[in-house]
Amino acid sequence: MASAKIVRPFRIEDLCNAGGKNLCMSMRVSKVGFLAPRGAYVPRRCFLVKASGSNSKSVEVINGKKVNGIHVNGVPYVGQRSCELTSKESSIEEPNHAYLLGRFVEERFVYRQTFVIRSYEIGPDKTATMETLMNLLQETALNHVASSGLAGNGFGATRQMSLRKLIWVVTRIHVQVEKYSSWGDVIEIDTWVDAAGKNGMRRDWIIRDYKTQRIITRATSTWVIMNRETRRLSKIPDEVRDEVQPFYRNRVAIPEENTDSEKIEKLTDETAKRIRSGLAPRWSDMDANQHVNNVKYIGWILESVPTKVLEKYNLTSMTLEYRRECRQSNMLDSLTSMKNSVKHEDLECTHLLRMQADKAEIVRARSVWQAKRSYTCS
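Residues numbered from 1 in each chain as written. Predicted model: local features only at pLDDT ≥ 70, side-chain atom pairs only at ≥ 80, totals over all residues. Heavy atoms only, no water.

A. Spotlight on helix H3 (residues 130-148). Taking 1.5 Å of rise per residue, 19 residues should cover 27 Å, and H3 covers 27 Å from first to last C-alpha, within 8% of that figure. With its phi angle positive at about 85 degrees, Gly149 sits one or two positions after the end of H3. (Helix = DSSP H or I, 4+ residues; strand = E, 2+ residues; numbered from the N terminus. Expected span 1.5 Å × (residues − 1).)

B. Quick peek at the pattern of salt bridges. Tallied over the full model, the rule gives 25 salt bridges. For Glu239, the salt bridge identified is with Arg164, shortest N-O distance 3.4 Å. Separated by 75 residues along the polypeptide, Glu239 in helix H5 (residues 238-244) and Arg164 in the loop between helix H4 (159-163) and strand E10 (166-177) bring together distant segments of the chain. Ionic pairing is found between Asp269 and Lys359, a salt bridge with its closest N-O pair at 2.9 Å. In this pair, Asp269 sits in the loop between H5 and strand E15 (274-279) while Lys359 sits in the loop between strand E18 (346-355) and strand E19 (361-371), placing the two residues 90 residues apart along the sequence. Overlapping salt bridges bring together Arg172, Glu321, Arg323, Glu361 and Arg364 as one network. (Salt bridge = Lys/Arg side-chain N within 4 Å of Asp/Glu carboxyl O.)

C. Expanded view of the nonpolar core. One finds Met130, Tyr297, Leu320 and Trp369 to be the most contacted residues of the largest nonpolar core, which totals 62 residues. Setting aside chain neighbours within four positions, we find Tyr297 in contact with Val292, Tyr322, Arg324, Glu325, Cys326, Leu353, Ile362 and Val363. By size, the runner-up hydrophobic cluster in this structure holds seven residues, among which are Val105, Val110, Ile215 and Ala253. (Core = buried A, V, L, I, M, F, W, Y, C linked by side-chain atoms within 4.5 Å. Buried < 20%, exposed > 50% of the residue type's maximum accessible area, 1.4 Å probe, protein only. Contact = heavy atoms within 4.5 Å.)

D. Just the pairing of E19, in detail. Counting buried residues in E19 gives 10 out of 11 residues, a clear majority hidden from the surface. Pairing of strand E16 (residues 313-322) with E19 involves nine bridges; the strand directions are antiparallel. Each residue of the ladder has a partner; that of Ser317, found in E19, is Val368. Examined bridge by bridge, E18 and E19 share nine bridges and lie antiparallel to one another. In the sheet register, Glu348 faces E19, and the bridge partner there is Val368. What sits between E18 and E19 in their antiparallel hairpin is a turn of five residues, with Lys359 showing a positive phi close to 65 degrees. (Pairing = 2+ DSSP bridges.)

E. Geometry of the layout of surface pockets. A volume near 770 Å³ is recorded for the largest pocket. Mapped by element, the contributors of at least two residues to the lining of the largest pocket are H3, E10, strand E12 (201-209) and strand E13 (215-227). With six residues, the top contributor of residues to the lining of the largest pocket is H3. (1 Å grid on protein atoms, 1.4 Å probe; cavity = no way out; pocket = protein on both sides within 12 Å on 5 of 7 lines; lining within 4 Å. Points joined across faces, edges and corners; volume = space filled by probe spheres on them.)

F. Representation of the environment of Asp125. By the secondary structure assignment, Asp125 is in the loop between strand E9 (110-116) and H3. Setting aside residues up to four positions removed in sequence, Asp125 forms contacts with Asn314 and Lys372.

Right, dumping it as structure tokens:
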């Protein structure tokens, strides 16, 4: 006689208690899975995901998110003023996996993803590090490409780029941090792209505290195309431009007058106050494009920053100017010089990461540090 197994439904009222009340979700899976109690209250800023064996696309947003945007001199600028999403945007049906990664808002021009700050992403002061923020920005950018349906077989490359053995490489990135999130905080990242000259692309990000919707980080970057095999820069082919142009958004995360666009001076053995030599990339530092991940450079740059600065100051702004690739076989030098900024309590540092063998430049950088006693995290 065949035996029958009884499957009991599992009820769960709050899937996000670990992160506090920042993020709540109520899920109901028909037949077998999670069931929300009948009449359960769904808090504000929550979304309900319904799934069944017959319809894998039954996804509904209960409360539309707010998006920020005001116009500055005719160019949309992401500020503190908010407007509600249209009913059309808040009711777009997408596959369940899209909601696990993120979702498109503002008529699919902006990609939005939510993250929880993990214990292994914080530093000694129990807040997220600059490296953590950079990694999350990179993750959101890659998921933006993947979710748009443009992804080829390269790391963030489109289909037409993959056919031509092309990849994206970042040439410059500027990040401004108003507040670092703590362990367990939930943050929301928006990203979008626009043209940067004839053969470049600009990608911007903003990070909000999910609970308060306050913008706590802004970032902008410039990207160009490189041939994966020859490692030479390339013009953007028309076919690639046709792929990405429909996603261009004429908006900036940081106004031009507030962006660090000044040239970063080159440090030498004579002008640097501190030099740390013998830094060695590891196999785990390499990315899918067979060169050192650009986020890894931040850790090596900070190796030549005095410990007392790391302890008593917060890194509030960083600009990275990438000049060449780095491979695992390269040994590196990290150079730093410091001076007081316009505000005497702040420090401005200039950095250089170079090859130890021939002193060829890899990354120039500039950072601004604010004394912790005057730094407000609330």
